[in-house]
Amino acid sequence: MHWIALQPASDAALADATTAWSWWALQFTPMVARVESALVMEVSASERLFGGSVALLARIFESNRPLALVEYAQGATSLIAFARLQCADAQAPTEHPIPADDLPLHTLAAARAHLPTLQRLGIANWGQLRALPRGGLVRRFGAGLVDALDCAYGQRAEVYPWLTLPEVFDAPLELAASVENASALLFGARRLLAQLQVWLRARQRGVLALELLWELDARRSNALHVDAHHNGGAQGRLELRTAEPTQDMAHLARLLSEQLARVTLPAPVLHLRMRSLQTQPLAGESLSLLPEDVRAGDSLHQLLERLSARLGRDQVRSVLLHADHRPECMQSWCAAVDAIKSGAAQAYSKRARGQFVLQEMPREALYPTWLLAMPLRLNVHQGLPQHHGPLTLLAGPQRLEAGWLEGDAALRDYYVARSKTAGLLWVYRERLGGQAAGVPASGAQAIWYLHGIFA
Amino acid sequence: MSATHRLLSTVGVHPDVWQADALAGAPQRVLATGDALLDAQLPGGGWPLGVLNEILQPAGVHSEWRLLLPALARSGSRAVVLVGAPHPPFGPALGAQGVLSARLLWVAPSGSAQRLWATEQALRCADVDAVLAWLVQVRPDQLRRLQMAAAEFDKLLFVMRPEQAQAESSPAALRLWVAPSDQPGDALQVRALKRRGPPMGSSLHLAARSARLSMLLAAQKYALDRTAACV
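If you're wondering where the values come from, they're calculated on a predicted model, not measured in any experiment.

(A) Fine view of the overall build of chain B. If you tally the helices and strands in chain B, you get 7 helices and 10 strands. Across the 231 residues that make up chain B, the buried fraction comes to 45%.

Laid out in structure tokens, this is it:
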């Protein structure tokens, strides 16, 4: 048997270093348990898989980038490893391990209650204790001490409540000081995110949605506050969603900071809590060597999420084309994050690249490149529309009759017109419903609109 | 004479060094503008990638699509980000001219600082081919930031500014002034205010509209003339 005992140093970057370490250790062996404040793990069964005990140790302790420094000790049983960990303050753990018989008695948890008595008996280490007659020891100190001694020397199986990796990430964090400004919650949230990253890596999943909860100080009367993040109770809540599963905590932290900038806290906060709402198995990264596959920068969905988080989701738009004759109904600009989620803009995603849905206009279509949001009513002078000076009609009319089914019929004659200052414009004359088709409206009645600009 | 020429030969020197009377070579990647006349006036023969390109226009005039669409159509298949466009872009028309509407991303930030931020973020995205930004009030140091981002991520970046900005200094590698021409026949007047090469003597006159539109207008004129002749 080969046991390793770990004592994580308390760390500012992680919310709960011991739990994070236990998740990390679970990828090497299923036998991980908590003993007092330390972790013990049994690795003899996994040594061959990872290429020997030296390679395994290197993997555990040297490739743990998200995790903090840790003290560790090894031994044939968990109690020996744990006892050596307690003694290994100054000396290097692997150089000269203390023999089991020389371990001081206080390192054995079962002996601690009887420590004064044992000291008066002149017993200072495990070897001396073990040399005492068994029957007398049981009568004097109870069976627990002898059982622990048997476990420590490997004569009895060691059974612990083994730790498991939770299905859902849910971690609390007590803040060191009460926080009044929502942006300052980010410091605590970062520690929780670091913890989340360890969990995601261990489960090989990416997070799609998570929530950050905070508990308001109930002693303040204005805790009864209702807005987008508070429902009048003692808790506030912020939900964070991403379009693609991610383990990239820098991206999540940026999104979170944008979102937190909009939160107003009605009362100070002392407790934070983070929960994963939705996760997905994450495919490994493609390690392509082709230069066109390796591009610097974020992915598009990260860009969209970041822009939408700061500017508002309706300010970042992608276009949807519709089959309609009215120009203003041919396209609709909608929030790009929704379009990506609904899959309507699959063209963005890497997989669908180059397989655009062929819904584009034929190349012959002559439409202006700018379309005014609202048609601009033009002044009419001597029967001719004016826009920074008189317009010359160059081509037209192009007749449009549509929309009668929806109730607001569009009866228009479109012209291409030239303006001295603004170049080529797309204007239309509204035909009144009563007019017979083909009869031109007299100048006084006709209403002209500017609808587009050829640029 | 020939000895002087040999002495001053820039062959083998750093690509950013060029003869004062000639256009710079093509040290950077360029994208053809789709207009032979304009290509001949640009160093490297097209829009340079990875630098800041500035287009100055009179107020109320927006002829940028005419200049940029042919290049954008050939720039790739990833997103084209429009930051602070003055009007809603008409997707079907842009699609018909080669920029697929699925590539378009219209970002409409409210303030000047937000526009700059959004532009820079777009430049930093790997899935973006080109960024078009309409910036009204911007300081040279802010433009410099955009120039650095464009250079780092090798993106096609165009910044549209009002023509009043001519007098201000700018870190742009290429500054063009574009306006509708006074000449008859709808020409587009283009002058390089700054380029890697000698100053531009006279401004360039490009056809102001796409070939299709010109054909339509010509046909219409022909029909009108014939009707007039018959009457």
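Let's pick the thread back up.
(B) The overall build of chain A, seen in detail. What chain A contains, in helices and strands, is 12 helices and 16 strands. In chain A, buried positions account for 34% of the 455 residues. Considering only residue pairs separated by 6 or more positions, chain A has 62% of its internal contacts joining residues 24 or more positions apart.

(C) How the structure looks around the interface of chain B and chain A. Opposite the 46 residues of chain B that make contact, chain A presents 52 residues. Put simply, the parts of the chain that give the side of chain B that touches chain A at least two residues each are α3 (64-73), α4 (91-96), β5 (104-107), α5 (112-123) and α7 (211-230) of chain B. With 6 residues, the single largest contributor to the side of chain B that touches chain A is α4(B). Of the residues in the side of chain B that touches chain A, the class split is 28 nonpolar, 11 polar and 7 charged. In terms of strand pairing, strand β9 (residues 316-321) of chain A meets β5(B) through 3 bridges, oriented antiparallel. Its bridge partner being in β5(B), A:Val316 is matched across the sheet by B:Val107.

(D) Region of interest: the nonpolar core. A:Val427, B:Val81, B:Val83, B:Val107 and B:Val131 are the most contacted members of the largest nonpolar core, which has 97 residues in total. There are two domains that each give this core at least three residues, and those are domain 3 (315-348) and domain 4 (370-453) of chain A. In this structure, A:Val427 is in contact with A:Leu378, A:Pro385, A:Leu391, A:Tyr415, A:Ala417, A:Trp448, A:Tyr449, A:Leu450 and A:His451, ignoring residues within four places of it in sequence. In terms of nonpolar packing, the next biggest core, distinct from the first, is built from 69 residues, A:Ala15, A:Ala73, A:Trp214 and A:Leu256 among them.

(E) Molecular detail of the sheet that holds strand β7 (residues 235-246) of chain A. All names here are of chain A. The antiparallel open sheet is built from 4 strands, whose spatial order is β5-β8-β6-β7. Only two strands of the sheet have a single neighbouring strand rather than two, namely β5 (170-179) and β7. Taking the axes of each pair of neighbouring strands and ignoring which way they run, one obtains an average angle of 20° across the sheet. In this structure, strand β6 (residues 205-216) lies alongside β7, joined through 8 bridges in antiparallel fashion. Bridge pairing in β7 links Glu211 to Glu239. Running at roughly 30° to strand β8 (residues 269-281), helix α8 (residues 185-203) makes contact with β5, β6 and β8 of the sheet.

(F) A look at the sheet that holds strand β1 (residues 3-8) of chain A. Residues and elements named next belong to chain A. With antiparallel pairing, 4 strands are arranged side by side in an open sheet as β2-β3-β1-β4. Two strands lie at the open edges of the sheet, namely β2 (32-35) and β4 (70-75), each paired on one side alone. Averaged over all neighbouring strand pairs, the angle between strand axes comes to 25°, with direction disregarded. Pairing geometry for β2 and strand β3 (residues 38-42), over 4 bridges, is antiparallel. Bridge pairing links Val32 to Met41 in β3.

(G) Geometry of helix α9 (residues 249-260) of chain A. Residues and elements named next belong to chain A. Between the first and last C-alpha of α9 there are 16 Å, a value that for 12 residues agrees with the 16 Å anticipated at 1.5 Å per step. Among all positions in α9, only Leu252, Leu255, Leu256 and Leu260 are buried. Projected down its long axis, α9 carries its buried residues within an arc of 130°, all on one side. Contacts from the buried residues of α9 go to α8, β7 and α10 (300-311).

(H) Structural view of the packing of α8(A) against α9(A). Residues and elements named next belong to chain A. Contact geometry of α8 with α9 gives a least axis separation of 10 Å together with a crossing angle of 150°. Viewed along their axes, α8 and α9 adopt a mutual orientation that is roughly antiparallel. Seen along the crossing, α8 lies across α9 with a hand that is right-handed. Of the residues in α9, those touching α8 at Leu185, Leu186, Ala189, Arg190, Leu193, Ala194 and Gln197 are Met249, Leu252, Ala253, Leu256, Ser257 and Leu260. For the contact of α8 with α9, a count of residues per class yields 10 nonpolar, 2 polar and 1 charged.

(I) Structural detail: the confidence of the model for chain A. Residues and elements named next belong to chain A. Taken over all residues, the pLDDT of chain A has a mean of 80, while the share at 70 or more is 84%. Scored below 50 in pLDDT, residues 344-358 makes 18 contacts in the model with residues more than four places away or belonging to other chains. Scored below 50 in pLDDT, residues 434-439 shows 1 contact in the model against residues more than four places distant or in partner chains.

(J) A look at the packing of helix α1 (residues 17-25) of chain A against α8(A). Residue and element names in this part refer to chain A. Across the interface, α1 lies against α8 with an axial gap of 9 Å and an inter-helix angle of 15°. Relative to α8, the element α1 lies roughly parallel. Where α1 crosses over α8, the two elements pack in a sense that is left-handed. On α8, the residues touching Ala20, Trp23 and Trp24 of α1 are Gln195, Val198, Trp199 and Ala202. Each residue belonging to the contact of α1 with α8 can be placed in one class, and the counts come to 6 nonpolar, 1 polar and no charged.

(K) Region of the structure containing the pairing of strand β11 (residues 370-381) of chain A. Residues and elements named next belong to chain A. Relative to strand β16 (residues 447-453), β11 runs antiparallel, the two being bridged by 5 bridges. What sits directly across from Leu378, in β16, is Trp448. Taken together, the 3 bridges between β11 and strand β12 (residues 384-386) define a ladder with antiparallel strand orientation. Residue Asn379 lies in a different strand from β12, and its bridge partner there is Gln386.

(L) The arrangement of the environment of B:Leu94 in detail. Following the sequence through the fold, B:Leu94 ends up in helix α4. Considering only alpha carbons, one finds B:Leu94 and B:Trp65, 29 residues apart in sequence, at a separation of 8.6 Å. When neighbours within four sequence positions are excluded, B:Leu94 is seen to be in contact with A:Thr369, B:Pro89, B:Val99, B:Ser101 and B:Leu104.

(M) Region of interest: unusual backbone geometry. Residue and element names in this part refer to chain A. The residue Gln204 is not glycine, and still its phi comes out positive at about 55°. Relative to the assigned elements, Gln204 resides in the loop between α8 and β6. Backbone geometry places His388, a non-glycine residue, at a positive phi of 50°. Residue placement: His388 occurs in the loop between β12 and β13 (392-402). Residue classification places His388 among the exposed positions, given that 11 C-beta atoms sit within 10 Å.

Quick notes on the rules
Residues numbered from 1 in each chain as written. Chains lettered and ligands numbered in written order. Predicted model: local features only at pLDDT ≥ 70, side-chain atom pairs only at ≥ 80, totals over all residues. Helix = DSSP H or I, 4+ residues; strand = E, 2+ residues; numbered from the N terminus. Buried ≥ 20, exposed ≤ 12 C-beta atoms within 10 Å, placed from the backbone. Contact = placed C-beta atoms within 7 Å. Nonpolar A, V, L, I, M, F, W, Y, C, P; charged D, E, K, R; others polar. Pairing = 2+ DSSP bridges. Core = buried A, V, L, I, M, F, W, Y, C linked by C-beta atoms within 7 Å. Domains from an automatic or database assignment. Axes fitted to C-alpha atoms, helices over the stretch in contact; angles between N-to-C directions. Expected span 1.5 Å × (residues − 1). Arc of directions from axis to C-beta. Parallel < 35°, antiparallel > 145°, perpendicular 65-115°, else oblique. Left-handed = near helix turned anticlockwise from the far one by under 90°. pLDDT = per-residue confidence, 0-100.

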